[in-house]
There are 6 protein chains.
Amino acid sequence: MIDNRLRRIIAEADGFAVGTFLMSDSATSAAMMDAAGYDFLAIDRQHGVIDDATCLRLLAEIGRHGTAPIVRVPANRPEDTMRALDHGALGVIAPLIDDAAGAAILTAACRFPPHGGRSFGPVRAGPVYGRGYLKAIDAQVLAIAMIETRAGLDALDAILATPGLDAIFVGPNDLGLGLRLGFTGGHPDADPALAEAITAIATRAKGAGIAAGIHCTDPAMARAMRGLGYRFATIGSDLGLMATAAAASADQARGD
Amino acid sequence: MIDNRLRRIIAEADGFAVGTFLMSDSATSAAMMDAAGYDFLAIDRQHGVIDDATCLRLLAEIGRHGTAPIVRVPANRPEDTMRALDHGALGVIAPLIDDAAGAAILTAACRFPPHGGRSFGPVRAGPVYGRGYLKAIDAQVLAIAMIETRAGLDALDAILATPGLDAIFVGPNDLGLGLRLGFTGGHPDADPALAEAITAIATRAKGAGIAAGIHCTDPAMARAMRGLGYRFATIGSDLGLMATAAAASADQARGD
Amino acid sequence: MIDNRLRRIIAEADGFAVGTFLMSDSATSAAMMDAAGYDFLAIDRQHGVIDDATCLRLLAEIGRHGTAPIVRVPANRPEDTMRALDHGALGVIAPLIDDAAGAAILTAACRFPPHGGRSFGPVRAGPVYGRGYLKAIDAQVLAIAMIETRAGLDALDAILATPGLDAIFVGPNDLGLGLRLGFTGGHPDADPALAEAITAIATRAKGAGIAAGIHCTDPAMARAMRGLGYRFATIGSDLGLMATAAAASADQARGD
Amino acid sequence: MIDNRLRRIIAEADGFAVGTFLMSDSATSAAMMDAAGYDFLAIDRQHGVIDDATCLRLLAEIGRHGTAPIVRVPANRPEDTMRALDHGALGVIAPLIDDAAGAAILTAACRFPPHGGRSFGPVRAGPVYGRGYLKAIDAQVLAIAMIETRAGLDALDAILATPGLDAIFVGPNDLGLGLRLGFTGGHPDADPALAEAITAIATRAKGAGIAAGIHCTDPAMARAMRGLGYRFATIGSDLGLMATAAAASADQARGD
Amino acid sequence: MIDNRLRRIIAEADGFAVGTFLMSDSATSAAMMDAAGYDFLAIDRQHGVIDDATCLRLLAEIGRHGTAPIVRVPANRPEDTMRALDHGALGVIAPLIDDAAGAAILTAACRFPPHGGRSFGPVRAGPVYGRGYLKAIDAQVLAIAMIETRAGLDALDAILATPGLDAIFVGPNDLGLGLRLGFTGGHPDADPALAEAITAIATRAKGAGIAAGIHCTDPAMARAMRGLGYRFATIGSDLGLMATAAAASADQARGD
Amino acid sequence: MIDNRLRRIIAEADGFAVGTFLMSDSATSAAMMDAAGYDFLAIDRQHGVIDDATCLRLLAEIGRHGTAPIVRVPANRPEDTMRALDHGALGVIAPLIDDAAGAAILTAACRFPPHGGRSFGPVRAGPVYGRGYLKAIDAQVLAIAMIETRAGLDALDAILATPGLDAIFVGPNDLGLGLRLGFTGGHPDADPALAEAITAIATRAKGAGIAAGIHCTDPAMARAMRGLGYRFATIGSDLGLMATAAAASADQARGD
Ligand SMILES: [Mg+2]
Ligand SMILES: [Mg+2]
Ligand SMILES: [Mg+2]
Ligand SMILES: [Mg+2]
Ligand SMILES: [Mg+2]
Ligand SMILES: [Mg+2]
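Computed from a prediction, not measured in an experiment: that's the story for all the values here.

Participant: So what exactly am I meant to see when it comes to the coordination of the magnesium ion (ligand 3) here?
Facilitator: Between any two of four tetrahedral donors, the ideal angle at the metal is 109.5 degrees; between two of six octahedral donors, it is 90 or 180 degrees. Residue and element names in this part refer to chain C. The protein atoms donating to the magnesium ion (ligand 3) are Glu148 (OE) and Asp174 (OD), with metal-donor distances spanning 2.1 to 2.2 Å. One end of the pair, Glu148, is in the loop between strand E5 (142-147) and helix H8 (150-154); the other, Asp174, is in helix H10 (residues 172-178), with 26 residues separating them in the sequence. As far as burial versus exposure is concerned, Glu148 and Asp174 are alike and both buried.

Laid out in structure tokens, this is it:
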């Protein structure tokens, strides 16, 4: 029986799902993050040190406490999306979607014919989710397109209109770069133009009836984004949380 | 040229070295911890998800910023100690040392004849530290015996007198269990008997001219231990820091 | 909440638990075996191609459908037993136990003080089983000693009397070799002396109030062993089942 | 000296080659399958839990008993095909070929100039097959295009006419989906339209002088396909054979 | 602080940088090569047995002695280039560049906006190179296009004119194949047409103000290429050097 | 059918077997060494970066051209010896044998009862060597004790008299250290006392009818050792050969 907690929460009227990125290639680290209370975890095959085989190992440790396993693929290639799903992901985030054609490639890879072109072979998802998997998965999976380039922003309405698209997800760091704002740190306070774009995306997504998510630097930003209409957020990453806590711990131990 | 920062700091009159345990099998996680400002990192092959090959991968990411790579072996076996050194460790922590014979097994494995019985073959340490390695390593390496059982506590003076022993290291969680105090969480405040033992060990080590270290739950405990005469401390672990920060982040994002 | 299905079944009056050995180093293979309907799976670090890190990966895929994860360690060493438990095993099978001293080493490694000498650090078991782990595990874990040598057979009563021992497990292949019967294939029909020993072990274990298990070549042998009083059985292995099925499939396809 | 048993058998007048898919990432599992009596083994990088590095490990265990190592790539990308060949594969199956252009990309990647565009660098194939490799491989390699979409079926004649194409291979599960027949289980008995397509493909391939293969659910289907003119078949997979045998074994042991 | 030794040397008036290819998947082998005295090491993800995760492991061992880590990607895909940089590479060699469009894809992936389209997320490069990484990397990175096909040779001037291209790199083995000269062994002495092409490329690159490098079979060829105007060379590979030395050693030991 | 080339050669009247150590964890490197012309390869689990799982991967690449796969275990532990054999090794070198008891532990682990105490379970050796494995292996396997400490030298005659011992193997580096000669580089020319010991060992082994082997720095030393009566030699290692060749190549390319 499949229960995609991210899908369930964004389907609720006022739901807001909280997640983070996994960038570490440690499956045990993923097991600890799985127990930390998130609604979903986004395994980052784009910027994390995570390849296809590592992603498989991490998926094995996610979901024990109800957390939804999502995978960000390194690029919008059907075979990567299909392998993530075969291995047990319940959603795929495709980076750098610049136009509706890109979004359509993603959505096609996420579902079996006639709704898409996913190839048959759920090698791990089959035994893990059980006999009902094939019947249930097309309704449970999430196809999520990243909006993080100027081209993607310009094509936003067409992307939002792509059949089968379940959500969009904003990458503020790359969006700031794409808008020629330099390294903003990915926070709307860094630049009014970035703030404006982030606000506009939420509004247009809502108008199109598509859930919008966004990557956040900290919990406060996530709460602010929720106020703008965002329905889910990733906050930092496993390695980022660790590094920040480690530096603080070492400093405090020295009495600095 | 070998510079063992942990050895250097505990050789200073009032030095206090700050480290933590690496329990994750992610080398990139180790690289981030290496950049976090610790004096040393203790790769935990006893309780971490780290085996011989993983330890090798982690060692490759430690030392770039001057941090000393130390390995806690899974048990006090010469071949594990010798492999850790061959792979580049500058010190070995042996767990559960119960008597002077155990300490002598450790110290023998840490140095080449005539000072010990280390077997020749520094496969990675050779190229990494360069031509002077063989001449320098015996004076740079640290042999560190854990005091964490009742037997070890009873035999403390004999252990401290072991030729070639460079330091002892207290494991308060196991020590509390060994003293029949149950799960104390490893903090002296949990039980006066544990506090008393921790204080006594520092005093006796100082009397023997051997540096003592201890595992701490947080920076405040580390500072308190420094006050007791401890010369180095591990504070938490990579995965522990991450898990605590993650749970807090998820809670705060929900406004809980 | 820990539920050790193997422990539960052998605690029932007429329970009989069915398992098999995992010898493959494929975690996805383990996930499929986890879904195949066994009561327990015994990860074979002795003869399988499974080391410490691989065992960790396999443990991540076991238990989703209620199957109990058990580990056979490569030898009766405390650090291997303790690592298996830290990584999430709910029982340990120690091979080649020749005497009560060996059994006592095993049982000591399986439980925390004061019941044993297990060292604190459940890196994966903690987050996976949750907050109650430390309180519950000593009552849930299974310490299982293999009887498979002449020495072990001779010392059986002393072994059965070891405090903390939860079960014994017969290895008929090695037992046949140990009794100087040659390669019997591990089936009692191969030699009356083997059959006699297998029967006697069940009887004596029952007399001592200790559950006995045995490795079986096929389901028919398992049912026969149940008739002798055995309470659990491993039947073949993942790779053995695969190889037999593969050879038959290839033959049949050729119409041979 | 290269001997591609699959190529040899399909070159015989009435040869029929029997193989299966490897989906497991265990090299030792592959070694057992290598000894099971197949003519070829198809390492499944599309749906198996097998990436580039795992494929390399599996190739090391195939061929000891004369079995031909074939690789199904995750997608029809030249670099994946070329890496499989550099690592020792003697044939490549490209999935989801929809048109002659796709088939031409495959065939170009399989052979060196002037017959194709394979880049020079047989890192493992060189030492494994010996000095004659470069001269022999272009005549020994197999370029195999999968027919498993409606588009591919429509373009079949053009695909069959692609210079350098050695065989086609039918994926009945995906073909059934592509023909809008739903999840057929990949057996012609499931749907007359699927049966018709499977028969037609064999006929048209024979007419074009190209060997056709097909994936089969069981040995009986393979024999039936041989009757239709198919020249080679994969029957199930390593993990599928294991899972079926395991479930039966557990059931029988309980006397169910 | 980033110091790209390859970039620095080719920026000098008469600098000539010496490197080799890493084809082995052993990180310790890379550590030994790092200590062997090269100016740069080119991790070969195209023909070496090195995938994304292995490349990460090798990068951890390069640079300790000042050697520059360069990665040859398996194909000219932005996500592979970007991951190599995120993991710490200071330059990327893209194989089989046939036209200016290909070169532009490479250069765009190598730098952040506005100079390119690199996506933000330097997971390992950040902590390894420190805080100044983001500001410094665009000026330090090397985008290197391989010239090794007839198409690439024909389009050389357009490729050389690509904004952001830092160097070209000649693959003589593939170039010989592309020119229909068969297996030349990659040495200009093998065929006058190959020699002519190699000479012409150096001349045209110099005219365009772009540094040219080339793969060499041995040191003598490297010195000859320097005479032609080449500014950097790879000479053989880790595994090639080992295999040649091993065969000679075995022969000599037998007194052959 | 098992053919142990090392065993065969040392059984010949004037045979001399040439091998080397594998210290790299690259299986493809092992495949290249397998093709380089050695009689045997000694996988070095003591000083090489090779653990149990890596050893398994390397064994898969050895023997294709008739080379015998031998494993040096990290320490003289029966479970390591038995696993090496289960995985396909045809001989085991145990380091640091100090007395006859140590030699007896080694020989017991190498053969099944009644000749030893090897436990049944040849998971990879079974399918790789085929049905005759169990009957043939006890006569084919080689139990090889290292003589490399003062204690071992003192106990040499008792060690040579151990039933089941097939050969001894001298480690000159450690022997020099053990004799308090410092770092000799392992060559008899470095110190007359080392030369004397090396000569004496060959003589006494010959007297006991046990083949002696020795580790050599170069082919010339191997030929000299043959003259002393040694019957097999390892010469350097994979990584050592590579590093030496690499440094020379870089130097020559610069015209230094
Ligand atoms: Mg982004
Ligand atoms: Mg402890
Ligand atoms: Mg046994
Ligand atoms: Mg298909
Ligand atoms: Mg090339
Ligand atoms: Mg030695």
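Participant: I would appreciate a short explanation of the interface of chain A and chain B in the present structure.
Facilitator: Accessible area lost upon the coming together of the parts is a frequently used measure of interface size. On the chain B side, the residues contacting the 33 residues of chain A number 34 residues. Between chain A and chain B the total buried area reaches about 2,800 Å² when both faces are included, carbon and sulfur atoms providing 65% of it. Summed over the three residues of chain A that lose the most area to chain B, namely Met242, Ala253 and Arg254 of chain A, the buried surface amounts to 22% of that side. Taken together, chain A and chain B are joined by 2 salt bridges. With a shortest N-O distance of 3.1 Å, Arg254 of chain A and Asp39 of chain B are connected by a salt bridge. The interface formed by chain A and chain B includes 10 residue pairs in polar contact (both at pLDDT 80 or more). Looking at the side of chain A that touches chain B, the elements that each hand over two or more residues are helix H2 (27-34), helix H12 (219-228) and helix H13 (238-253) of chain A.

Participant: Just checking my understanding: could you explain the coordination of the magnesium ion (ligand 5) for this structure?
Facilitator: Those protein atoms acting as donors to the magnesium ion (ligand 5) are Glu148 of chain E (OE) and Asp174 of chain E (OD), and they sit at 2.1 to 2.2 Å. In this structure Asp174 of chain E comes out as buried when scored by relative accessible area, which is 8%.

Participant: Teacher, can you tell me more about the relation of the copies chain A and chain D here?
Facilitator: These two copies of the chain differ by a rotation about an axis and a displacement along the same axis. With an RMSD of 0.0 Å, chain A superimposes on chain D once it is rotated by 120 degrees and translated 0.0 Å along the axis. Expressed as a symmetry operation, the mapping of one chain copy onto the other fits a three-fold axis. Taken as a fraction of all interface residues of chain A, those also at the interface in chain D reach only 11%, which identifies the copy contact as different-surface.

Participant: Any chance you could explain unusual backbone geometry here in plain terms?
Facilitator: Trans peptide bonds make up the majority, and among non-glycine residues the majority have a negative phi. All names here are of chain D. Omega for the peptide link from Pro113 to Pro114 comes to 5 degrees, which places this bond in the cis form. Along the polypeptide, Pro114 turns up in the loop between helix H5 (100-110) and helix H6 (125-129). Positive phi outside glycine occurs at Leu96, with the angle close to 55 degrees. Residue position: Leu96 is located in the loop between strand E4 (91-94) and H5. Residue Arg180 is not a glycine yet carries a positive backbone phi of 65 degrees.

Participant: Got a minute to help me understand the relation of the copies chain A and chain B in this structure?
Facilitator: Under the fitted operation, chain A is carried onto chain B by 0.0 Å of movement along the axis and a turn of 180 degrees, and the coordinates agree to an RMSD of 0.0 Å. Look at the turn and shift together and you get a two-fold axis relating the two. Across chain A, the smallest distance between a C-alpha and the rotation axis is recorded for Met242 of chain A, namely 2.1 Å. Interface overlap between copies is the fraction of interface residues in one copy that are interface residues in the other; for chain A against chain B it reaches 100%, indicating a shared surface.

Participant: Looking at this model, I keep getting lost on the side chain of Glu79 of chain A. Mind explaining?
Facilitator: Checked against the element boundaries, Glu79 of chain A lands in helix H4 (residues 78-86). Those residues in contact with Glu79 of chain A that sit more than four places away from it in its chain are Pro74, Ala75 and Arg77 of chain D.

Participant: For this particular structure, what's the right way to read the sheet that holds strand E1 (residues 17-22) of chain E?
Facilitator: Within a beta sheet, neighbouring strands are joined by backbone hydrogen bonds and run either parallel or antiparallel to one another. Residue and element names in this part refer to chain E. A barrel is described by the order of its strands in space; here 8 strands give the closed sequence E1-E2-E3-E4-E5-E6-E7-E8, paired in parallel fashion. On average, each strand axis in the sheet is tilted by 25 degrees relative to the strand beside it, whichever way the strands run. Packed on one face of the sheet, helix H12 (residues 219-228) meets strand E7 (211-216) and strand E8 (232-237) and runs near 160 degrees to E7. Packing of helix H13 (residues 238-253) onto the sheet brings it into contact with E1 and E8, and relative to E8 it is tilted by some 45 degrees.

Participant: I tried to follow the packing of H13 of chain A against helix H13 (residues 238-253) of chain B on my own but got confused; where do I start?
Facilitator: A packed helix pair is summarised by two numbers, namely the angle formed by the two axes and the spacing between the axes. Running from N to C, H13 of chain A and H13 of chain B cross one another at 110 degrees; their axes reach a closest spacing of 8 Å. In terms of orientation, H13 of chain A lies roughly perpendicular with respect to H13 of chain B. Mapping the contact onto sequence places Asp238, Leu241, Met242, Ala245, Ala246 and Ser249 of chain A in H13 of chain A and Asp238, Leu241, Met242, Ala245, Ala246 and Ser249 of chain B in H13 of chain B. Looking at the contact of H13 of chain A with H13 of chain B residue by residue, the class counts come to 8 nonpolar, 2 polar and 2 charged.

Parameters and conventions
- Residues numbered from 1 in each chain as written.
- Chains lettered and ligands numbered in written order.
- Predicted model: local features only at pLDDT ≥ 70, side-chain atom pairs only at ≥ 80, totals over all residues.
- Heavy atoms only, no water.
- Donors = N, O, S within 2.8 Å, 3.2 Å for Na, K, Ca; no water.
- Helix = DSSP H or I, 4+ residues; strand = E, 2+ residues; numbered from the N terminus.
- Buried < 20%, exposed > 50% of the residue type's maximum accessible area, 1.4 Å probe, protein only.
- Contact = heavy atoms within 4.5 Å.
- Buried area = accessible area lost by both parts, 1.4 Å probe.
- Salt bridge = Lys/Arg side-chain N within 4 Å of Asp/Glu carboxyl O.
- Polar contact = N/O pair within 3.5 Å; in protein donor to acceptor, adjacent residues only side chain to side chain.
- Least-squares fit on C-alpha atoms with pLDDT ≥ 70 in both.
- Pairing = 2+ DSSP bridges.
- Axes fitted to C-alpha atoms, helices over the stretch in contact; angles between N-to-C directions.
- Parallel < 35°, antiparallel > 145°, perpendicular 65-115°, else oblique.
- Nonpolar A, V, L, I, M, F, W, Y, C, P; charged D, E, K, R; others polar.

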